[in-house]
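# Residue-level structural notes
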Amino acid sequence: MKIRITTLLVLISAIAFGQKKTLDHKDFEIWNTIQNSSISSNGNYIMYSLEKGETDNHLKIKDASANLLFDYERGERGKFTSDSEFAVFTIKPWNNEVKELKRKKVKKDKLPKDSLGIYNLKNKSLVKIGNVKSYKTPEKWTGYIAYQLEKLNADKKKDNNDKEDKKKKTKKVGKDNGYHLVVRNLKTSKQDTFKFVTNYIFAKEGKRLAFTTTGDDIQNNGGVYVLNLENDQLTTVFTAKKGKYYQLSLSETGKNLGFVVDSDTTKVQVRPNELYSWKEGTGKAEKLLDASSAPKNYRVSSDGAIRFSKDESKLFFGLATRPIVKDTTLLDEEIVNVEVWTYNEPRLYTVQELQVQNDQKKSYLTAIHLNNGNKLVQLATEEYPNSAIGNEGNAEYALINTSLPYELERQWKGATVRDYGVINTNTGEVTKALTKIRGQVSLSPTGKYAYGYNEIDSTWFTYAVAKAKYTELTKGKIFYDELNDSPVVPRSYGLAGWTTGDESIILYDRFDIWEFNPETGANKRLTKGREKNTRYRYFQLDNEERFIDSKGKWLLSTFNEVNKHSGYYELNRKNGRGKQLVTGPYSFSRPIKSKNSNKLIFTRQSFEEFPNIRYTDLSFKKQTKISDANPQQSNYNWGTAELVNWTSLDGIELQGMLIKPENFDPNKKYPMIVNFYERSSDGLFNHRAPSPGRSTINYSFYTSRGYVIFNPDVHYRIGYPGESAYNCVISGVTSLIEKGFVDKDNIGVQGHSWGGYQIAYLVTKTDIFKAAEAGAPVPNMISAYGGIRWWTGLSRQFQYEHTQSRIGGTPWEYPARYIENSPIFNIDKINTPLLVMHNDADGHVPWYQGIEFFVSLRRLGKPSWFLNYNGEPHWPLKLQNRKDFNVRMAQFFDYYLKGEPMPVWMQRGVPAIEKGINQGLELTSPSNTDKQ
């Protein structure tokens, strides 16, 4: 009887397994992603939102045992108050409801507005406040929330007296007249309302709220106010009839305030901005600077941020140069609109054009010493336009830099080089410090050292500011990218930070963590990863951590480069001992630790396991699974991921990812899609949830439908990127064919951007692929070399000379390399049907490259199709376009690799007259699907 029951159970299990669903495009809409996960300061509560199919969110709050305490559909962007007593969140209108109202042509101001949810974690009560425009809570203290209300039609319905006043006053209350601000005591529910508020901020530590108003445009003046929430005292700091206020900023204690005022009612182009500061207990604000007292040729900027030093002795603000004044009397037909490009100007005109607004808002950091007669010291100037202050603004010295001498060569080198100086914040004295540094230079936490990694000589260094002493820390050591295969100086592996008091700097090499003395360069290795091919990295668990505790316990991440396993590791700096806390065939996230306990949340994931939230403490011994975002996954055929190894055609040992269907049978033959970019095998244990991706195949979607997926790593030889891809990819494909489960007659290839280029190259050299999709490809490196990256305005020259395209020089230095690596010159050898996607607003790869490719294929009568999602950039971003692309790509591969019917759009296209009306996604009858 037992045998019969067992047999029956096996049969039932097999039937159940056989009935698992296959993923379809509509299933994207039921898959959840986890958004904004957080843990309360006391470590007792976890909050997150589930976003289903990129539409509505569902907020959930759970306790440490994963018990659901509260949930709210449409809730998102939740955060706990610092005392762990309340959770506040945004409540959005239903997505479908808004869509239907838009379909009915309802005006934007009549659409449903956001609401604010306030949940009391102690008494389990909810307060919902409708029509909220924005809200803020204090960062380091609690008890209050401030929020602005949207303007509603009801706000416009005044009593009869107001209507009579409106007849007398022609100016209407508009957008610039502010919103009602409500300040609510979370514990007592007492609240105050302030009208016509344009901006508001809480102090970081002190119980103060500052806000600006415009008045009601009829009787009252606008102004700047500070509300002391300890005693409910409201202080009028500044008033003006028609003032506009900028850069409102409270010091951390809330006892100092800075702001910029423009109280001129005329339309002059040079705004007479004035800088004010206020100190608690002094009454009205004090004017610090205006047009008449500002340094020559400078003015107070309304765009430069205001902040205070930690000790509140200095106020930092921005000075701006005088703007270029237009002649407003000219008519349109009198204005000459011509672009003048000059060969020797620092920035290419296309870069300037995109940075016009930035240039107009450019400001130069300046300090005012509040305890020294309001002495002004300008830190940044046109000579050194960039600056960084040290020790939270308390440092005596600041770091200044300029890239202007090297801007021209950035066009073809693709990197920013700078000269650095040091300025005394008390006297304004400047000392030249560092010259021709390629790479970012920063100040240590106390400001004792400037430090950085100079890519030119691949060396970490320090510069003792007070002593003007330069020390090379890693000269002759390998702290640079050991696997660099681009014609560019290698980058560093980064750093963890500084120990207490700037005593030492913690740097990374490929595998290990090192401690360096910033004065002498003396060093020691803290981990032993190289011997185990394991990478160790430090986790900063406190976002406000300035120093790393040199005698405490460090939480590290581990990653093994051979088997791709990762985990968490504890290093005890007091005794130098370490222990592996957890490791395995997963990818682990950066943990989020509670502020006031040792509790934390993290995720682990693999191809098969969704990255659900897990709760534990710093030992990781007991873990509680908090979320279960996609329980429906068990109902679908999924897949497995494994690492494969082979040797390239030029003798290099390589790794890659092989993704198989869940019910894989090694005795069967499977269609395979090859998808690759550069080196992706480190992502072996990344989960790939079903979603309409913007540029690549969705692995879980295709394995569920019976495909095998292969993602090979590529090692590049400088000057020969196309040949390198061929040597690595084709050898990997043939090694899998030899294993017997790949249908060699039904192999496809897909990739985007750099991957799209490589695919365009491969299909000129091999017929091993039955179908190929190449997104945003570059078929012609010569014409692409002279193109523009339109999102940044940068020339594409650097990409070929020094970075990803890896040619290693110019077309006039290496014409043969450009021709050899350009598919356009061998396009007649292509026999693989191609689907090309390239959008007309692509800011990375000029879309005329896709056109060059397609019209050449069309000229030769090669089976090919071209997709252009109008107005979309390098990838389709709009949800409807991403869904459409995924459907067309699946239909394309299903037709060629699985013998499915041809869709109408492949058979006859979608004529321009039908664009947006008939998509042509219907499948044709089998009799009309003879292979092209």
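All residue numbers refer to position in the chain's written sequence, counted from 1. Totals for whole chains, interfaces and linings use all residues, but because this is a predicted model, local features are given only for residues with pLDDT of at least 70 and pairs of side-chain atoms are given and counted only at 80 or more. In computing side-chain values, all of the structure's heavy atoms are included and hydrogens and water are not.

## Re the sheet that holds strand β38 (residues 553-560)
For two strands to pair, DSSP has to find at least two bridges joining them. Helix and strand labels come from DSSP, where a helix needs a run of H or I of at least four residues and a strand needs a run of E of at least two; each type is numbered from the N terminus. Read from one edge of the open sheet, four strands run β37-β38-β39-β40, paired in antiparallel fashion. Bordering the open sheet on either side are β37 (534-538) and β40 (577-584), each of which pairs with just one other strand. Taken over all neighbouring pairs, the strand axes of this sheet differ in orientation by 25° on average, direction set aside. Relative to β38, β37 runs antiparallel, the two sharing five bridges. For helices, the axis comes from a line fit to the C-alpha atoms of the stretch in contact; other axes are also lines fit to C-alpha atoms, and the angle between any two N-to-C directions lies between 0 and 180 degrees.

## A short note on the pattern of salt bridges
By salt bridge we mean one thing: a side-chain nitrogen of Lys or Arg within 4 Å of a carboxyl oxygen of Asp or Glu. Tallied over the entire structure, the rule returns 54 salt bridges. A salt bridge links K744 to D745, with the shortest nitrogen-to-oxygen separation between them at 3.4 Å. When accessible area is computed with a 1.4 Å probe and restricted to protein chains, residues below 20% of their type maximum are described as buried, those above 50% as exposed, and intermediate ones as partly exposed. D745 gets classed as partly exposed once you look at its relative accessible area, which sits at 49%. Overlapping salt bridges bring together E482, D509, R510, R530, R535, E561, K564 and D682 as one network.

## Comments concerning helix α8 (residues 721-737)
For α8, built from 17 residues, the straight-helix expectation of 24 Å at 1.5 Å per residue is met to within 8% by its first-to-last C-alpha distance of 24 Å. Taking burial as the measure, the 17 residues of α8 include 14 buried ones, the bulk of the element. Residue count minus one, scaled by 1.5 Å, sets the expected span of a helix.

## Remarks on the sheet that holds strand β18 (residues 274-279)
Judged by pairing direction, the sheet is antiparallel, and its four strands sit side by side in the order β16-β17-β18-β19 without closing on themselves. Both edges of this open sheet fall to β16 (244-250) and β19 (286-289), since each of them pairs with a single strand only. Strand-to-strand, the axes of this sheet are offset by a mean angle of 30°, without reference to chain direction. Strand direction decides the pairing type here: β18 and β19, joined by three bridges, are antiparallel. By the bridge assignment for β19, L275 is matched with L289.

## What about the pairing of strand β27 (residues 417-424)?
Of all eight residues making up β27, eight are buried, and the element is well covered by its neighbours. Looking at chain direction, β27 and strand β28 (residues 430-438) are connected through six bridges and run antiparallel. For V417, the partnering residue across the bridge sits in β28 and is R438. Here β27 folds back onto β28 in antiparallel fashion, the turn holding five residues, of which G428 has a positive phi close to 85°.

## Describing helix α9 (residues 754-762)
Along α9, nine of the nine residues are buried, which leaves the element largely enclosed by surrounding structure. Residues W754, G755, G756, Y757, Q758, I759, A760, Y761 and L762 constitute the buried set of α9. By the convention used here, residues are in contact when the closest approach between their heavy atoms is within 4.5 Å. Elements in contact with the buried residues of α9: α8, β50 (742-752), β51 (771-775), α10 (781-785), α12 (815-820) and α13 (848-859).

## Some words on a negative patch on the surface
A cluster of acidic residues, D327, D332, E333 and E334, forms a negative patch at the surface. In this structure, E333 sits in the loop between β22 (314-321) and α4 (349-354). Only residues whose relative accessible area exceeds 30% and that take part in no salt bridge are eligible for patches, with like-charged residues grouped when within 9 Å of each other and nonpolar side chains (Val, Leu, Ile, Met, Phe, Trp, Tyr) grouped when within 5 Å. For accessible areas, the Shrake-Rupley method is used with a probe of radius 1.4 Å. Any residue's cover is judged against the shown protein chains and nothing else. By the counting rule applied here, Lys and Arg register as positive and Asp and Glu as negative, while His and the ends of each chain are not counted. Where a charge lies is defined by one atom per residue type, namely NZ (Lys), CZ (Arg), CG (Asp) and CD (Glu).

## What about the environment of K314?
Secondary-structure assignment places K314 in strand β22. Take K314: its relative accessible area is 5%, and that puts it in the buried class. Two N or O atoms form a polar contact when they lie within 3.5 Å of each other; inside protein one atom must be a possible hydrogen donor and the other a possible acceptor, and for residues adjacent in sequence the pair counts only when both atoms belong to side chains. A polar contact is formed between the side chain of K314 and the backbone oxygen of G393, at a distance of 3.2 Å.

## Remarks on the packing of aromatic side chains
Pairing of aromatic rings covers Phe, Tyr and Trp, the last counted by its six-membered ring, and requires centre-to-centre distances within 6.5 Å; plane angles under 30 degrees mean stacked, over 60 mean edge-to-face, and any other angle means tilted. Throughout the structure, instances matching the rule amount to 55 aromatic pairs. Aromatic pair F211 and Y225: ring centres 5.4 Å apart, planes at 20°, arrangement stacked. Of this pair, F211 sits in strand β13 (residues 208-213) while Y225 sits in strand β14 (residues 222-228), and the two are 14 residues apart along the sequence. Judged by relative accessible area, F211 falls into the buried class, the value being 2%. A relative accessible area of 14% places Y225 in the buried class. For the ring pair Y451 and W498, a centre distance of 5.2 Å and an interplane angle of 70° mean the geometry is edge-to-face. With Y451 in strand β30 (residues 449-454) and W498 in strand β33 (residues 495-498), this pair connects stretches of sequence that are 47 residues apart.

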